[in-house]
Amino acid sequence: MRYFSVILVLLVFGCGMQKNSESVVSEGRSKLDSLLLHPEEMKYLKNIKQLTFGGNNAEAYWSFDDNHLVFQSDYKEWGVNCDQIFVTDWRNDDLKSNKPQMVSTGMGRTTCSYYLPDNKTIVYGSTHLGGKDCPPVPERRADGKYVWPIYPSFDIFTADLDGNIIAQLTSEEGYDAEATVSPKGDKIVFTSMRTGDLELFTMNIDGTDVKQITHELGYDGGAFFSPDGTKLIFRSSRPKTQEEIDEYKGLLKDGLVAPTDMELYICNADGTELRKLTDLGQANWAPFFHPSGKKIIFASNHTATRGFPFNLYMINIDGTGLTRITRDETFDAFPVFSNDGKYLVFSSNRNNGGTRDTNLFVAEWIEE
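Within each chain, residues carry numbers counting from 1 in the order of the written sequence. Under the rules for a predicted model, residues below a pLDDT of 70 receive no local features and side-chain atom pairs below 80 are neither given nor counted, while totals for whole chains, interfaces and linings still include all residues. Side-chain metrics in this entry use all non-hydrogen atoms of the structure; hydrogen atoms and water are not considered.

**Description of the side chain of Thr158**
Note the threshold: A helix here means a DSSP run of H or I that spans at least four residues, while a strand means a run of E at least two residues long, and both kinds are numbered starting from the N terminus. In what follows, residue pairs with any heavy atoms lying within 4.5 Å of each other are defined as contacts.
Residue position: Thr158 is located in strand β9 (residues 155-160). Aside from chain neighbours lying at most four places away, what touches Thr158 is Leu116, Thr121, Ile122, Val123, Asn164, Ile165, Ile166, Ala167 and Leu169.

Below is the structure:
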């Protein structure tokens with residue numbers, strides 16, 4: 001799922017960034033740039049700000065007016081035992097000292113929250129109808145394979161910023177989650193098991209007019225609309241050989257997927273003109289459109305030999321021009337541009353003091 005449990009495996013390799021308080025800060029940059037950014041990253045990012053300071057924080061998405069972020073966190077200091085949804089005024093809130101507003105129920109496990117156009121309502125996935133406790137994470141497999149759980153109790157809900165459930169948008173049997181909203185404010189794309197496979201669907205923001213978008217065997221997820229709402233970018237693990245197909249189906253029967261081999265796909269918002277965008281190998285995921293609609297930023301470990309690091313890359317929508325954006329040694333993922341294109345929010349293991357923490361960072365984007 002767009003769900004960031006992949007971090008839990010990668011974080012054992014977390015390490016703090018080297019800090020040099022004597023670094024010279026160039027004009028127009030914050031002092032934190034020299035502490036939190038590698039020199040090669042300063043071509044693309046500046047005036048970076050660390051938002052969270054403990055736990056696993058990820059999948060931060062902007063309100064339509066760019067004034068707030070909604071994200072998921074399992075930070076125990078905030079009184080949660082597994083992922084719950086929080087909102088923050090990212091410019092002004094001090095999350096090092098204060099707990100942000102929780103907007104999920106506090107029950108079950110949540111994932112994949114997103115603002116709706118009124119900036120007063122969110123949509124997110126939750127297992128709380130299946131039980132108030134956090135559902136169990138999969139035990140370590142004897143074959144050593146890393147897997148994600150696909151909890152069948154996930155459904156998609158809307159809520160206000162006080163945490164009150166407004167509506168339940170899905171009620172089909174099985175997994176429904178990974179909802180994101182079109183920048184046009186009219187449609188939601190999500191992943192569902194309702195056909196027996198993990199496919200993409202769209203619906204109106206009130207849950208009506210559900211349409212299936214993908215149809216090929218494999219896990220299709222983590223989808224986002226283009227800025228004009230006409231295209232979708234998503235990640236997929238599509239088995240081809242009989243051995244791969246048998247393994248995929250066997251895991252899916254157990255409510256699991258293996259996210260170690262994923263590529264990016266792009267299509268029209270109705271599913272037509274589907275094509276594979278990347279063919280890099282290993283895990284390419286968390287894609288998001290550049291505000292121009294002509295490029296995709298995403299996370300990848302395709303150059304890694306031990307499964308990490310994950311870094312951010314940019315690629316043109318025709319598959320050309322692959323460019324590396326970040327240079328950290330562990331984990332950078334979930335990059336999302338603000339609606340005005342001025343900022344990038346992402347999750348990273350940088351500056352975590354050698355812990356397993358994954359935190360949120362916002363930086364100004366430097367346009368080439």
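The rest of the description comes next.
**What to know about the state of the cysteines**
Spelled out, the test is: For this text, the term disulfide refers to a pair of cysteine sulfurs within 2.5 Å. Burial status follows relative accessibility: with a 1.4 Å probe on protein chains alone, a residue under 20% of its type maximum counts as buried, one over 50% as exposed, and anything between as partly exposed.
Within this structure, the stated rule accounts for 1 disulfide. One disulfide in the model links Cys82 with Cys134; its S-S distance is 2.2 Å. Disulfide Cys82-Cys134: torsion about the S-S bond near -95°, hence left-handed. Of this pair, Cys82 sits in the loop between β3 (69-73) and β4 (84-88) while Cys134 sits in the loop between β7 (121-126) and β8 (148-149), and the two are 52 residues apart along the sequence. Look at Cys82 and you get buried, because its relative accessible area is 4%. Distance from the sulfur of Cys267, which forms no disulfide, to the nearest cysteine sulfur (Cys112) is 18 Å. Exposure remark for Cys267: the relative accessible area of 3% places this residue in the buried category.

**Considering the pairing of strand β24 (residues 332-337)**
Condition: Two strands qualify as a pair provided DSSP detects at least 2 bridges between them.
With 6 of its 6 residues buried, β24 lies for the most part within the structure. Bridge analysis of β24 against strand β25 (residues 343-348) gives 4 bridges, and the strand direction is antiparallel. If you follow Ala333 over to β25, its bridge partner there is Ser347. Connecting β24 to the antiparallel partner β25 that follows it, the hairpin turn spans 5 residues, and Gly341 within it adopts a positive phi of roughly 75°.

**A word on the packing of aromatic side chains**
To keep it simple, the criterion reads: In this scheme Phe, Tyr and Trp rings, the latter by its six-membered ring, pair at centre separations within 6.5 Å, and the angle between planes marks the pair as stacked below 30 degrees, edge-to-face above 60, and tilted otherwise. Distance and angle both matter: a charge sits over a ring if NZ of Lys or CZ of Arg is within 6 Å of the ring centre and within 35 degrees of the ring normal.
In this structure the tally under the stated criterion is 25 aromatic pairs. Ring geometry for Trp285 against Phe334: centres 5.0 Å apart, planes inclined by 80°, an arrangement best described as edge-to-face. Residue Trp285 is located in strand β20 (residues 284-289), and its partner Phe334 is located in strand β24; the two are separated by 49 residues in the primary sequence. In this pair, the class of Trp285 matches that of Phe334, namely buried. An aromatic cluster is defined as three or more aromatic residues linked by ring pairs; in this entry it consists of Trp148, Tyr219, Trp285, Phe310, Phe331 and Phe334. When the ring centre of Tyr265 is taken as origin, the NZ or CZ atom of Arg238, which lies over that ring, is 4.7 Å away.

**Side note on the confidence of the model for the protein**
In plain terms, the rule: pLDDT is defined as a per-residue confidence score from the predictor, taking values between 0 and 100.
Averaged over the protein, the pLDDT score is 92; the fraction of residues at 70 or greater is 93%. This model gives residues 2-25 a pLDDT under 50, and the stretch forms 89 contacts once residues within four places in sequence are excluded.

**Re the sheet that holds strand β11 (residues 176-181)**
Hydrogen bonding along the main chain pairs the strands of a sheet, whether they run parallel or antiparallel. Spatially, β11-β12-β13-β14 is the arrangement adopted by the 4 strands of the open sheet, whose pairing is antiparallel. Only two strands of the sheet have a single partner each, and these edge strands are β11 and β14 (211-212). As paired strands, β11 and strand β12 (residues 187-192) are joined by 4 bridges and run antiparallel to one another. Opposite Thr180, over in β12, you have Val189 as the bridge partner.

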